[in-house]
Amino acid sequence: MAAKKTSKKSNVSADELLAYYRDMLLIRRFEEKAGQLYGMGLIGGFCHLYIGQEAVVVGLESATKEGDKRITSYRDHGHMLACGMDPNGVMAELTGREGGYSKGKGGSMHMFSKEKHFYGGHGIVGAQVPLGAGLAFSDKYKGNDNVTFAYFGDGAANQGQIYETFNMAALWDLPVIFVIENNQYAMGTSQARSTSTPDLYTRGEAFGIKGEIVDGMDVLAVKEASEKAVAHCRAGKGPYVLEVKTYRYRGHSMSDPAKYRTRDEVQKMRDERDPIEQVRDMLLTGKHATEDDLKAIDKEIKGVVNESAEFAKESPEPDLSELWTDIYTDA
């Protein structure tokens, strides 16, 4: 398959488009498997799936370089996979096993990878945003051009600590991109019922922070917006706000029956706006890939995900002595 340009607007090669397809499909299949393991009782506690939102993190990660950082909330498995964390280690952590990224002690909400510059996974709504500004402050202090992506949702956008962070980030010109993953429901409350401003990115304007709204179901639109935001931060122009309008197909967590919206609403989004199907259509209509090529990718991804589930099942539970480790650090 030749590396042709898909269009002038997207300015990506067929190889790049195939990579986005593969990355989004990995997240989708991984989350489906996680849902199955949760139903089997192999994943305890809360489990928030990213199904439907894959284009957000894949599009944003396409503009990153080594040294860039990311920090997010509890709907975080997609972020882990998109930044290159090993599916085996992620699934083992979800199932509370020793082979997990946090040795089986963090679970879904508290997973970290220093090597991939992934700083969690946080269960307290909005608390990761000031931490993200702290990561950006570190890079500014060191004088490099690294950027931090601080992800939060439309529900967290109403938290006061978000605006304290906006103020500090603008005051100190911190290289942080505030990514609002607006999936339109804060737990079970629609944005229209909880938020006075229709466009959340405009809340940065009071602090002089530039921003824009992006179609989060279109990976190429997210990629383009991400490149613009990253260039702004790397140039030393301070923070940027991206409101990425997306949609989750499943409930807020595995315990949520999602009765606050109709099945027709969800199905309409799946049928008309699915981020993976959009890329699939581009690959096929542009003759960048055949049906057999895409079937092979799907088979490969299913193999990776099944392997991660087997790895998790075979990995032992943490030894009881682990209760006393990773509590304090030597200062």
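Note: the structure precedes this text.
Now for a description of the structure that goes with this document. (Residues numbered from 1 in each chain as written. Predicted model: local features only at pLDDT ≥ 70, side-chain atom pairs only at ≥ 80, totals over all residues. Heavy atoms only, no water.)

Any empty space left between atoms is shown by rolling a water-sized probe over those atoms. In this structure, the largest pocket spans a volume of roughly 420 Å³. Lining the largest pocket are 26 residues, with Tyr74, Arg75, Val125, Met187 and His252 positioned closest to its centre. When contributions to the lining of the largest pocket are tallied by element, the ones reaching two or more residues are β2 (148–153) and β4 (185–186). Tallied by class, residues from the lining of the largest pocket come to ten nonpolar, 13 polar and three charged. (1 Å grid on protein atoms, 1.4 Å probe; cavity = no way out; pocket = protein on both sides within 12 Å on 5 of 7 lines; lining within 4 Å. Points joined across faces, edges and corners; volume = space filled by probe spheres on them. Helix = DSSP H or I, 4+ residues; strand = E, 2+ residues; numbered from the N terminus. Nonpolar A, V, L, I, M, F, W, Y, C, P; charged D, E, K, R; others polar.)

If you look at the biggest cluster of nonpolar residues, it comprises 66 residues, and the most contacted ones within it are Tyr21, Leu60, Phe149, Ile177, Val219, Leu242 and Leu283. Once residues within four sequence positions are removed from consideration, Val219 is found in contact with Tyr20, Met24, Ala55, Val58, Gly59 and Val279. Grouped together as the second largest cluster of nonpolar side chains are 21 residues, Ala136, Tyr163, Ala169 and Tyr201 included. (Core = buried A, V, L, I, M, F, W, Y, C linked by side-chain atoms within 4.5 Å. Buried < 20%, exposed > 50% of the residue type's maximum accessible area, 1.4 Å probe, protein only. Contact = heavy atoms within 4.5 Å.)

Right, let's talk about the sheet that holds β2 for a bit. Sheets are built from strands that pair by backbone hydrogen bonding, the pairs being arranged parallel or antiparallel. If you walk across this open sheet you meet the five strands as β1-β2-β3-β7-β6, and the pairing is parallel. Here the strands that pair on one side only, and so sit at the sheet edges, are β1 (69–71) and β6 (210–215). On average, adjacent strands in this sheet sit at an angle of 20° to one another, irrespective of strand direction. Summarising the sheet, β1 and β2 pair through three bridges and their orientation is parallel. Following the sheet pairing, Lys69 is matched in β2 by Thr148. Taken strand by strand, helix α2 (residues 54–61) contacts β1, β2, β3 (176–182) and β7 (240–245), and its axis lies near 170° from that of β2. Lying on the sheet, helix α6 (residues 160–171) is in contact with β2, β3 and β7; it crosses β3 at an angle near 150°. (Pairing = 2+ DSSP bridges. Axes fitted to C-alpha atoms, helices over the stretch in contact; angles between N-to-C directions.)

Nonpolar side chains collect at one region of the surface, where Phe137, Tyr141, Met168, Leu171 and Trp172 lie side by side and expose about 590 Å² of accessible area between them. Along the chain, the position of Phe137 falls in helix α5 (residues 128–142). (Patch = residues over 30% accessible without salt bridge, like charges linked within 9 Å, V, L, I, M, F, W, Y side chains within 5 Å. Areas by Shrake-Rupley, 256 points an atom, 1.4 Å probe, with all protein chains shown as cover. Salt bridge = Lys/Arg side-chain N within 4 Å of Asp/Glu carboxyl O.)

Before going further, it helps to spend a moment on the environment of Asp86. Mapped onto the elements of the fold, Asp86 is located in the loop between α3 (77–82) and α4 (87–94). Looking at Asp86, the relative accessible area reads 37%, which means it is partly exposed. In the structure, Asp86 is positioned 51 residues away from Gly35 in sequence and 18 Å away in space, judged by C-alpha atoms. Polar side-chain contacts of Asp86 include one of 3.1 Å to the backbone nitrogen of Asn88. (Polar contact = N/O pair within 3.5 Å; in protein donor to acceptor, adjacent residues only side chain to side chain.)

For the coordinates displayed, the defined rule picks out 19 salt bridges. When the shortest N-O distance is used, the salt bridge between Arg70 and Glu61 registers 2.8 Å. Given a relative accessible area of 5%, Arg70 falls into the buried group. You can call Glu61 buried: its relative accessible area is 12%. Its salt-bridge partner being Arg273, residue Asp215 comes within 2.7 Å of it at the nearest N-O pair. In this pair, Asp215 is assigned in strand β6 and Arg273 in helix α9 (residues 263–273), connecting sequence segments 58 residues apart. Each of Arg29, Glu32, Asp298 and Lys302 takes part in salt bridges that share partners, so that together they form one network.

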